[in-house]
There are 2 protein chains.
Amino acid sequence: MQLVRRINMSKKMKSFDKIDFKIIKELSKDARISASEIARTIDINERTVRRRINNLVESKAIRITTIVDPSMFGYHSIADINLKVDEEIYDEFIKSCKKNPNVCYIASGWGKANLAIETRFLDNEEMYNFINYKLPETKGVEVINFFIVPKIIYNIDEWTPVESDFKD
Amino acid sequence: MQLVRRINMSKKMKSFDKIDFKIIKELSKDARISASEIARTIDINERTVRRRINNLVESKAIRITTIVDPSMFGYHSIADINLKVDEEIYDEFIKSCKKNPNVCYIASGWGKANLAIETRFLDNEEMYNFINYKLPETKGVEVINFFIVPKIIYNIDEWTPVESDFKD
DNA sequence: GCTGAAAATTATGCATT
DNA sequence: AATGCATAATTTTCAGC
C-alpha cells in the first residue's frame, strides 16, 4: 500500500490550493467569464486570477475548451465496444479511431479485451454496420462484446476534483 | 432505415453552418481567446462571432468549460465497471455516483448490465476496495464485470463533429 | 441576421513589495 | 508570487441596414 502511494506520488504533480479550486469551479460554469469577474466573485486580485489560470493550463491540470454535444449533431446511437486488437496493428488502429468521427472515447485495457471505444452514430443502422461488418472485417480486430448505451448520464467533462484534493 | 432517420430528425436539432464549425474549431483549441481574435482568424465580423457563440451555447450544442485532468490530482487508477442495478434503487444509485468524486462517467445500458461507470482512484488499493467491497456490499447492485484501464487515450472532450455535419 | 461607432470593461506590460 | 498603475485591446450598448 505504501508502495502504491509512492508510485503515484512519483508522477510529478504540482499541488494546487483552494484558490485554484475556486477558480476551477467558476471556469467550469462558464469558461468565458472574464478574469475580473472571477476575481470579484471569489475576492482575489484579478492579476492573481489570471496567473493562476495560466499555471493551471500550462501544467495541464485543466484544459479550457468546448465540449460538443454529439446528439445535437444527430449522433443518437451510442455503443461501448470492447475489442481485442493485435499488437502489430494496435497503434495504427488507435490512430484510425482518433480520425473516425464516430469514435469519441478510446482507452487501453488489460484482459480479454485490450481496447475499449465509445462510438456514436447517426442511426442504429450505421451502428449495426460498424459493429457487425466494419469492425469484424478489419484484420487483427475482434469484437469481444458491446453494450448499447441508451443514455449517457454523466461524463468526464462535468467532473472536478473535490476540495480536499487542494491544499490550504 | 427511413424510419430511424425520421426518429432522429424528430429530436429538434437546430442546424449549424460552416461558420459555426470554424468557431467551434477555434474554441476547442482555447476557449478563452477573444471573440475578436476568432473574428480575425476566420475573417468574420466580431459581433457575428459573439452571436454565434451565444446561439451555440444557448441551444446546448456546445458547452464552454474546463476539463480537469484527474491524473494531475492523483487519480491514477482507472476502471470501467458494468453493473446490474435494481430498478428500485436505480435513480438513487445514479445520484450517489454523481456525488462520488471517484466516478467520472455514468451511462445507462441494455442487457445483462444496465449501468456502466468509469471510476478513478488515487491508488489500486482504493480501486480494489471499491470493486470488491463497496459495490458488492451495496444492496441491489451487482458487479457484472470490470475492466482495468491503464490509459485513456482519447475522450469526448476532444471530439468534434466533422465539417459535413454543418450546412453551407 | 448583420455591422458601425462610442462607452464601459477587461487584459497586458512594467514596475514594486 | 502578489499587486498597483498606465496603456492597449476587447466587449457592450445603442443604433441603423
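In what follows, the structure referred to is the one given above.
Quantities reported herein were computed from a predicted structural model and do not represent experimental measurements.

Scoring rules and cut-offs
- Residues numbered from 1 in each chain as written.
- Chains lettered and ligands numbered in written order.
- Predicted model: local features only at pLDDT ≥ 70, side-chain atom pairs only at ≥ 80, totals over all residues.
- Heavy atoms only, no water.
- Buried < 20%, exposed > 50% of the residue type's maximum accessible area, 1.4 Å probe, protein only.
- Helix = DSSP H or I, 4+ residues; strand = E, 2+ residues; numbered from the N terminus.
- Pairing = 2+ DSSP bridges.
- Near = heavy atom within 4 Å.
- Polar contact = N/O pair within 3.5 Å; in protein donor to acceptor, adjacent residues only side chain to side chain.
- Disulfide = S-S within 2.5 Å.

**Examining the pairing of strand β2 (residues 77-85) of chain A**
Each regular strand carries side chains that alternate between the two faces of the sheet. All names here are of chain A. Within β2, eight of the nine residues are buried, leaving the element largely enclosed by the surrounding structure. When β2 meets strand β4 (residues 115-121), the two strands line up antiparallel, connected through seven bridges. Across the sheet, the residue bridging to L83 is L115, located in β4. Of the strand pairs in this sheet, β2 and strand β5 (residues 141-149) are connected by eight bridges, and their pairing is antiparallel.

**Notes on the protein's contact with DNA strand D**
Every residue near DNA strand D is listed here: A:N45, A:R47, A:T48, A:R51, A:R52, B:S34, B:A35, B:S36, B:R40, B:E46, B:R47 and B:R50. Of all DNA strand D atoms lying within 4 Å of any protein atom, the proportion belonging to sugar or phosphate reaches 69%. Take A:R52: an N or O atom from its side chain is 2.7 Å from a phosphate oxygen of DNA strand D. The contact in question runs from a phosphate oxygen of DNA strand D to an N or O atom on the side chain of B:S36, over 2.6 Å. If you list the elements that add at least two residues to the surface near DNA strand D, you get α4 (46-58) of chain A together with α3 (35-42) and α4 (46-58) of chain B. Element by element, the count of residues in the surface near DNA strand D is highest for α4(A), at four residues.

**Some points on the state of the cysteines**
Residues and elements named next belong to chain A. Tallied over the full model, the rule gives zero disulfides over all chains. C97 carries a free sulfur, and the closest cysteine sulfur to it, the one in C104, is 11 Å from it. Given a relative accessible area of 3%, C97 falls into the buried group.

Distances and angles like these do not, on their own, reveal function.
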